[in-house]
Amino acid sequence: MFIAIEFSERLSYFGIATSLVIYLTKVIHQDLETAVKNVNYWSGVTTLMPLLGGFLADAYLGRYTTVIASCIVYLMPCDHTNICTEPRRVHEVAFFLAIYLISIGTGGHRPCLESFGADQFDDDHVEERRQKMSFFNWWNCGLCSGLILGVTIIVYVQDHVNWGVADIILTVVMAFSLLIFLIGRPSYRYRAPTGSPLTPMLHVLVAAISKRNLPYPSNPSQLYEVSKSNGKNERFLAHTKKLKFLDKAAIVENEGNLAEKQSPWRLATMTRVEEMKLIVNMIPIWVFTLPFGICASQTSTLFIKQGAIMDRKIGNGFEIPTASIFTLAAIGMIVSVAIYDKILVPLLRRINGNERGMNILQRIGFGMLFSVITMIVAALVERKRLKVVEMNPSKGSLSMNVFWLAPQFLIIGFGDGFTLVGLQEYFYDQVPDSMRSLGIGLYLSVIGAGSFLSGLLITIVNNVTGKSGKGWIGKDLNSSRLDNFYWLLATITTMNLFVFVFFARQYSYKNVQNDHDDGEETKV
């Protein structure tokens, strides 16, 4: 059920997102650089909003309520094509208002629906835990199925009928999915919001600083922890040796006073200290996945714009809608997820005994390798396209078939099956249990921040290259040097991959104490 609802939401999102750069250049009449920047900014806001939505869900609203509210907001954007007869500035303002309402709806829908779906599996049950690992894989298959229909049927309606009819179709599908979600309410497992997940982090930080001069205890077992009978069904984390400074927050200052009565600003439990360590350890992982986000943002901007000026005719004169080429990325992702879940995981489980097959960060890093290959292939294809334009200026890129772009879409889609799904699983599993919606928001923020950085990088590159002549990204593709830009991205992602591997090798995964064993721990 959850995957079907995600299918409808992604159908709506990608039906708009993949055609956005075309709409801005053809209908709003923006130049290429401005259109790409606007798409990157919108994509950035859309994928950063889940940080806010996830926080509100975890702290106050609950995931179920947040999903309902976000679906209603999703249904609010009106048919922006009905106002094309108005002055252009009014049309532009109304258009951007509509798409940023979608950003707000996505902010609640994306982090909460996925984390709410994963909440239906019990981490303490071996079989359900394994099913949850597959859930993230097949969640993305549903996502890609929505993407495929969004960039084929919906985009075809946009191109050959009008955008208004496409909007009506998307609204009906979204409303129907909301109805299905409401019908299933009695059968769901719920997690009640527990207040701001950031407050316990501040407790740990303040307590550690205030007790910075205290000596470390000789044995970690002397650090404060509530008894499991009073733990309110929460999972307890095992002590780790990294970031020992934070351990001081769990030192009991005066044995004569009952620890339970001390202020949380002076004394934190060992589990809260370990949760703070989890967040700190995530920072370098988040930072060094951003270049992957930059590469991913090219698929819905520059890659799509390249396809718009190439020969898209197949068969008896049928012309493929520009955004439909994005289907190949979704196909690549579905193939890689299926191979990973049905072949690699069972095989690797037998070889190394790892429940996941491979560690989450290994999966992410392996996928990031494909983003490097994608940028290299994209640079070679773009160089070929520019040579074709140079040899035949009158016909230009129309003498080159759009399926020259197929390899770069397939490769990055195949890599997404490892990196994107790995990031979802990583940020859901490795954050504190009270922050799981926010964790999905952190995963989405990789793509959002990557989109912003892509826009910033384009500005910097144009300013630098423009001093010696024409910039690498000009007013149109034929006057640009996208091949050089892609080579730059390939270089950045290659260097970044080495740094990511370094930090991934140092990373300590969440260790959960088993209820039935003293001191025994389980890596998550």
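Parameters and conventions
- Residues numbered from 1 in each chain as written.
- Predicted model: local features only at pLDDT ≥ 70, side-chain atom pairs only at ≥ 80, totals over all residues.
- Heavy atoms only, no water.
- Helix = DSSP H or I, 4+ residues; strand = E, 2+ residues; numbered from the N terminus.
- Buried < 20%, exposed > 50% of the residue type's maximum accessible area, 1.4 Å probe, protein only.
- Contact = heavy atoms within 4.5 Å.
- Lys, Arg positive; Asp, Glu negative; His and termini not counted.
- Charge placed at Lys NZ, Arg CZ, Asp CG, Glu CD.
- Salt bridge = Lys/Arg side-chain N within 4 Å of Asp/Glu carboxyl O.
- Phe/Tyr/Trp six-rings, centres within 6.5 Å; stacked < 30°, edge-to-face > 60°.
- Core = buried A, V, L, I, M, F, W, Y, C linked by side-chain atoms within 4.5 Å.
- Axes fitted to C-alpha atoms, helices over the stretch in contact; angles between N-to-C directions.
- Parallel < 35°, antiparallel > 145°, perpendicular 65-115°, else oblique.
- Left-handed = near helix turned anticlockwise from the far one by under 90°.
- Nonpolar A, V, L, I, M, F, W, Y, C, P; charged D, E, K, R; others polar.
- Patch = residues over 30% accessible without salt bridge, like charges linked within 9 Å, V, L, I, M, F, W, Y side chains within 5 Å.
- Areas by Shrake-Rupley, 256 points an atom, 1.4 Å probe, with all protein chains shown as cover.
- Expected span 1.5 Å × (residues − 1).
- Arc of directions from axis to C-beta.

**Student:** Can you explain the overall build of the protein chain? Please cite residues and give values.
**Tutor:** Assigned secondary structure in the protein chain consists of 16 helices and four strands. For the protein chain, the spread of C-alpha atoms along the principal axes amounts to about 90 × 50 × 50 Å. Taken across its 524 residues, the protein chain has 56% of its residues classed as buried. Summarising the internal contacts of the protein chain: among those between residues at least 6 apart in sequence, 82% fall at separations of at least 24. Averaging the locations of the 47 positively and 42 negatively charged side chains of the protein chain gives two centres separated by 6 Å.

**Student:** An account of the pattern of salt bridges is needed here, citing residue identities and associated values.
**Tutor:** Tallying each qualifying case throughout the model produces 20 salt bridges. Put simply, D119 and R63 hold a salt bridge, and the shortest N to O gap is 2.2 Å. A residue pair is termed long-range when its members are at least 10 positions apart, and D119 in the loop between α5 (88-118) and α6 (126-160) and R63 in helix α4 (residues 63-74) qualify at 56 residues. Given the relative accessible area of 4%, D119 is considered buried. A salt bridge links R356 to E425, with the nearest nitrogen and oxygen atoms 2.1 Å apart. You can see R356 sitting in the loop between α12 (327-352) and α13 (360-391) and its partner E425 sitting in helix α14 (residues 406-429), a full 69 residues away along the chain.

**Student:** An account of helix α10 (residues 290-298) is needed here, citing residue identities and associated values.
**Tutor:** Counting buried residues in α10 gives nine out of nine residues, a clear majority hidden from the surface. L290, P291, F292, G293, I294, C295, A296, S297 and Q298 are the residues of α10 that are buried.

**Student:** Describe the packing of aromatic side chains, naming the residues involved and giving the relevant values.
**Tutor:** Scanning the model with the defined rule gives 32 aromatic pairs in all. Ring geometry for F121 against F135: centres 5.6 Å apart, planes inclined by 50°, an arrangement best described as tilted. Placement of F121 in the loop between α5 and α6 and of F135 in helix α6 is noted, with a sequence separation of 14 residues between them. Taken individually, F121 and F135 each receive the classification buried, so the pair is uniform in this respect.

**Student:** Before we move on, could you go through the nonpolar core and cite the residues and values that matter?
**Tutor:** Judged by nonpolar contacts, the single largest core of 131 residues is most densely connected at F181, L361, F409, Y426, F485 and Y486. The residues touching Y426, leaving out its near neighbours within four places in the chain, are N281, M282, I285, I360, L361, I364, V431 and Y507. Counting residues in hydrophobic clusters, the runner-up holds five residues, among them Y340, V345, L348 and F418.

**Student:** With reference to specific residues and values, describe the packing of α4 against helix α7 (residues 163-183).
**Tutor:** The N-to-C vectors of α4 and α7 enclose an angle of 160°; their axes lie 10 Å apart at closest approach. With respect to their mutual orientation, α4 and α7 come out roughly antiparallel. When you trace α4 past α7, the crossing you get is left-handed. Within the contact between the two elements, α4 uses Y64, V67, I68, C71 and Y74 and α7 uses M174, L178, F181 and L182. Of the residues contributing to the contact of α4 with α7, the split by class is nine nonpolar, no polar and no charged.

**Student:** Please give an account of the side chain of S454 that cites residues and values.
**Tutor:** Within the fold, S454 resides in helix α15 (residues 436-466). Ignoring anything within four residues of it in the chain, the contact list for S454 reads N40, I294, S297 and Q298.

**Student:** So what's going on with unusual backbone geometry? Which residues, and what values?
**Tutor:** A positive phi angle, close to 50°, is found at L243, a residue other than glycine. One can find L243 in the loop between α8 (198-210) and α9 (270-287).

**Student:** Can you break down a nonpolar patch on the surface residue by residue, with the values?
**Tutor:** Judged by side-chain polarity, I331, V335, I339, I343 and L410 come together as a nonpolar surface patch covering roughly 370 Å² of accessible area. Element by element, the count of residues in the nonpolar patch is highest for α12, at four residues.

**Student:** So, the packing of α6 against α12: which residues are in play, and what are the values?
**Tutor:** Packing of α6 against α12 brings their axes to within 8 Å, and their N-to-C directions diverge by 165°. When the axes of α6 and α12 are compared, the pair comes out roughly antiparallel. Taken as a pair, α6 and α12 cross one another with a handedness that is left-handed. The residue inventory of the contact of α6 with α12, partitioned by class, reads 14 nonpolar, six polar and four charged.

**Student:** Which residues make up α8, and what values go with them?
**Tutor:** Spanning 13 residues, α8 covers 19 Å between terminal C-alpha atoms, matching the ideal 18 Å at 1.5 Å per step. Taken residue by residue, α8 has M201, H203, V204, A207 and A208 as its buried positions. All buried residues of α8 lie within an arc of 155° about the axis, which places them on one face of the element. Elements in contact with the buried residues of α8: α9.

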